[in-house]
Amino acid sequence: MRLHQTLIAAALAVVTTSASGDPSFWRHEWPNTDFELTAVDNWVEILSGGPPKDGIPALDDPSFIAVSDEPRIGNREPVIAVEIDGEIPRAYPIRYLTWHEIVNDQIGDVPVAVTFCPLCNSGITFDRRVEGDLLSFGVSGKLRNSDMVMYDRQTESWWQQAVGEGIVGHYTGTELTQLPTWMESWSEFKARNPDGLVMDQPPWPRSYGRNPYVSYDSSTRPFLYSGEMPPHGIPALARVVRIDDKAWPVERVREEGSVTEAGFTISWTEGQASALDHTDIERGKEVGTIRVRDGAGKDVPHDVMFAFAFHAFFPEGNWMVN
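Residues numbered from 1 in each chain as written. Predicted model: local features only at pLDDT ≥ 70, side-chain atom pairs only at ≥ 80, totals over all residues. Heavy atoms only, no water.

A.B. asks: Any chance you could explain the side chain of Glu 101 here in plain terms?
C.D. replies: Position of Glu 101 relative to the elements: it lies in the loop between helix H2 (94–100) and strand S6 (102–107). At 10 Å, Arg 206 is the nearest oppositely charged side chain to Glu 101, a buried residue that forms no salt bridge. (Helix = DSSP H or I, 4+ residues; strand = E, 2+ residues; numbered from the N terminus. Buried < 20%, exposed > 50% of the residue type's maximum accessible area, 1.4 Å probe, protein only. Lys, Arg positive; Asp, Glu negative; His and termini not counted. Salt bridge = Lys/Arg side-chain N within 4 Å of Asp/Glu carboxyl O.)

Given below as structure tokens:
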């Protein structure tokens, strides 16, 4: 389904779901969610993205194959690289996450949720351990500020993917621990990890490798978003590097090659295709790979998200524009 078809379907869904100023509309679908506990000030912020609960199926315990045995992924296609000390590095291809958005996995002793929200370009990996409990996550089918609302299957609390925070239910106000992972090209991952592992193609009837959001990151306005546009003349769908409450425009980092500020060194290298441009992800426009390290050279948790999403979730955030 191309982007304009997706927009039409979701717009029809919004007509039927956004009129409610309280959570009563959602209760029939979410009988186990405690709507009395919430960080949401205005329920009309939460919209249906079109698919119902689990209509976008999250993946659990995926299979992996050796990097050398994977012939299907194009060299420029993006993957989320997860490298945990003492474990074999793993690549989670965006060609699969585009259609599933969440992967619940276990790497050694660390249970992880690898997540990707196409509408915000947000690719974040979380530790699934919360307050002594082990959670697994699914896709609610809801959006807030055009960002995926996840839910945990244990309490059916709702979580905001872009910030990893519980927003409705038992875990309201709880923050997930973000791990220092990053998005890079398949070619880069292979070169650095020739003995690494890559998630195998899931057994679902999906057009893996195809982008259902054609030309989305060339749009002037985000999908199902009515909030303020970013300041400083930054386009809404420009990519920014988010570290905590700070945002560096990727274009600035690309022009300078690397930026060292606020205790971080952010670098840009050529070779990664956008997953939200061409129908064929491999042929997407160049967006490059961002790496973020601290003063000791260690990788730092971060996200490369659209500018509008940063402004929506961090309205008082710091824009590192020069």
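This is not the end of the story, as more comes after the structure.
A.B. asks: Is there a simple way to explain the packing of aromatic side chains in this structure?
C.D. replies: Pairs of aromatic rings are described using the distance from one ring centre to the other and the angle between the two planes. For the structure shown, the criterion picks out 17 aromatic pairs. Chaining the aromatic ring pairs together yields one cluster made of Phe 25, Trp 26, Trp 30, Phe 35, Trp 43, Tyr 151 and Trp 158. Its end group placed over the ring of Trp 30, Lys 53 keeps NZ or CZ at 4.5 Å from the ring centre. Taking NZ or CZ as reference, Arg 291 lies 3.7 Å from the ring centre of Trp 182, over its face. (Phe/Tyr/Trp six-rings, centres within 6.5 Å; stacked < 30°, edge-to-face > 60°. Lys NZ or Arg CZ within 6 Å of the ring centre and 35° of its normal.)

A.B. asks: Is there a simple way to think about the confidence of the model for the protein chain in this case?
C.D. replies: If pLDDT is low for a region, its predicted coordinates should not be looked at in detail. The predicted model of the protein chain averages 93 in pLDDT, with 93% of residues at 70 or higher. Under a pLDDT of 50 for its full length, residues 1–20 has, in the predicted model, 31 contacts with residues more than four places off or in other chains. (pLDDT = per-residue confidence, 0-100. Contact = heavy atoms within 4.5 Å.)

A.B. asks: Before we go on, may I ask you to explain the pattern of salt bridges in this structure?
C.D. replies: Opposite charge on two side chains makes pairing possible when the charged atoms of those side chains draw close. Using the criterion set out here, one finds 21 salt bridges in the structure. A salt bridge links Glu 77 to Arg 95; the nearest nitrogen and oxygen atoms lie 2.8 Å apart. Here Glu 77 is found in the loop between strand S3 (64–66) and strand S4 (78–82), whereas its partner Arg 95 is found in helix H2, with 18 residues between them in sequence. Glu 77 sits in the buried class, given a relative accessible area of 2%.

A.B. asks: How should the state of the cysteines be read in this particular structure?
C.D. replies: A covalent bond between the sulfur atoms of two cysteines is what we call a disulfide. Scanning the model with the defined rule gives zero disulfides in all. Among the cysteines around Cys 117, which has no disulfide bond, Cys 120 carries the closest sulfur, lying 4.3 Å off. Exposure remark for Cys 117: the relative accessible area of 2% places this residue in the buried category. On the accessibility criterion, Cys 120 (0% relative accessible area) is buried. (Disulfide = S-S within 2.5 Å.)

A.B. asks: Which parts of the structure should I look at to understand the pairing of strand S19 (residues 246–249)?
C.D. replies: It is a general feature of regular strands that their side chains alternate between the two faces of the sheet. Two elements, strand S18 (residues 239–243) and S19, share four bridges in a ladder whose sense is antiparallel. Counterpart to Val 241 in the pairing with S19 is Trp 248. Taking the residues between adjacent antiparallel strands as the criterion, S18 and S19 are bridged by two residues, where Asp 244 takes a positive phi near 55 degrees. Pairing of S19 with strand S24 (residues 318–319), which is carried by two bridges, proceeds in the parallel orientation. Bridging across to S24, Ala 247 finds its partner in Trp 319. (Pairing = 2+ DSSP bridges.)

A.B. asks: Got a minute to help me understand the environment of Arg 27 in this structure?
C.D. replies: Tracing the backbone shows Arg 27 in the loop between helix H1 (3–17) and strand S1 (46–48). With relative accessibility at 36%, the residue Arg 27 sits in the partly exposed group. With residues near it in sequence (within four places) discarded, Arg 27 still touches Phe 35 and Glu 36.

A.B. asks: Would you take a moment to explain the nonpolar core for this structure?
C.D. replies: Note on soluble globular proteins: their nonpolar side chains tend to be buried together. Phe 137, Met 150, Trp 159, Tyr 216 and Phe 308 are the most contacted members of the largest nonpolar core, which totals 39 residues. Those elements that provide at least two residues to this core are strand S7 (110–117), strand S8 (122–127), strand S11 (137–144), strand S12 (147–152), strand S23 (303–306) and helix H5 (307–313). The biggest single contributor to this core is H5, with five residues. For Met 150, the residues in contact, after removing those within four places along its chain, are Ile 102, Thr 115, Phe 126, Phe 137, Gly 138, Ser 157, Trp 158, Trp 159, Gln 161 and Leu 176. (Core = buried A, V, L, I, M, F, W, Y, C linked by side-chain atoms within 4.5 Å.)

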